[in-house]
Amino acid sequence: IPLTGTASAMKVQEVCRAGENEACEKIRFTEAGSFVGGMGGGGVAVPLASRLAAAPICAAIGFGSGGIGGIVCGLVVVGGASYAGGEGGEWVGEWMGENIYEVRK
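Structural notes, computed from the coordinates. Since the model is a prediction, treat every value here as computed from it, not as a measurement.

Focus: the pattern of salt bridges
Within the structure shown, the criterion is met by 2 salt bridges. With a closest N to O distance of 3.7 Å, Glu98 and Lys26 form a salt bridge. Placement of the pair is Glu98 in helix α3 (residues 68-104) and Lys26 in helix α2 (residues 21-65), with a sequence separation of 72 residues. Classification of Glu98 by relative accessible area gives partly exposed; the value is 32%.

Rendered as structure tokens:
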């Protein structure tokens, strides 16, 4: 989270230092939306994946492998869901930030 927030802040600073006010204002909306959307998307995807996919699938794998396979399966499923949800959330958040910017303009 801190790395993503820092990267977004640095991107905003870089664009705003160029001196173009319209681009600076737009990047503030899109980067804020991207950051919030990414955090929210990842946060929503993990519990859903844990309950819907990881629990039943990984329990079966864990039972057959003596427990280790279930742990690895859970890490892969939850990690993948977190990544996918975060990426999707970033895209949606950036899109919404751009739309909010256009409406305010």
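Resuming the write-up.
Things to note about the packing of helix α1 (residues 2-17) against α2
Axis separation between α1 and α2 bottoms out at 9 Å; the angle between their running directions is 170 degrees. In this view, α1 runs roughly antiparallel relative to α2, as classed from their interaxial angle. Contacts from Thr4, Gly5, Ser8, Lys11, Val12, Val15 and Cys16 of α1 reach α2 at Ala23, Cys24, Ile27, Arg28, Glu31, Phe35 and Met39. Its residues assigned to classes, the contact of α1 with α2 shows 8 nonpolar, 3 polar and 3 charged.

Examining α2
Most pronounced at Ala54, the bend in α2 amounts to some 50 degrees, and the proline Pro56 follows within four residues. At the C-terminal side of α2, Gly66 shows a positive phi close to 80 degrees.

Quick word on the state of the cysteines
Following the criterion strictly, the structure yields 2 disulfides and no others. Covalently, Cys16 is tied to Cys24 through a disulfide, its sulfur atoms 1.8 Å apart. Where Cys16 bonds to Cys24 through sulfur, the torsion about that S-S bond is close to 85 degrees, and the disulfide is right-handed. Note that Cys58 is cross-linked by a disulfide to Cys73, the S-S spacing being 2.0 Å. Disulfide Cys58-Cys73: torsion about the S-S bond near -65 degrees, hence left-handed. With Cys58 in helix α2 and Cys73 in helix α3, this pair connects stretches of sequence that are 15 residues apart. As far as the burial class goes, Cys58 and Cys73 line up, both buried.

Reading guide: rules and limits
- Residues numbered from 1 in each chain as written.
- Predicted model: local features only at pLDDT ≥ 70, side-chain atom pairs only at ≥ 80, totals over all residues.
- Heavy atoms only, no water.
- Salt bridge = Lys/Arg side-chain N within 4 Å of Asp/Glu carboxyl O.
- Helix = DSSP H or I, 4+ residues; strand = E, 2+ residues; numbered from the N terminus.
- Buried < 20%, exposed > 50% of the residue type's maximum accessible area, 1.4 Å probe, protein only.
- Axes fitted to C-alpha atoms, helices over the stretch in contact; angles between N-to-C directions.
- Parallel < 35°, antiparallel > 145°, perpendicular 65-115°, else oblique.
- Contact = heavy atoms within 4.5 Å.
- Nonpolar A, V, L, I, M, F, W, Y, C, P; charged D, E, K, R; others polar.
- Bend = angle between axes of the 7 residues up to and from the residue.
- Disulfide = S-S within 2.5 Å.

Purely geometric numbers; function is a separate question.
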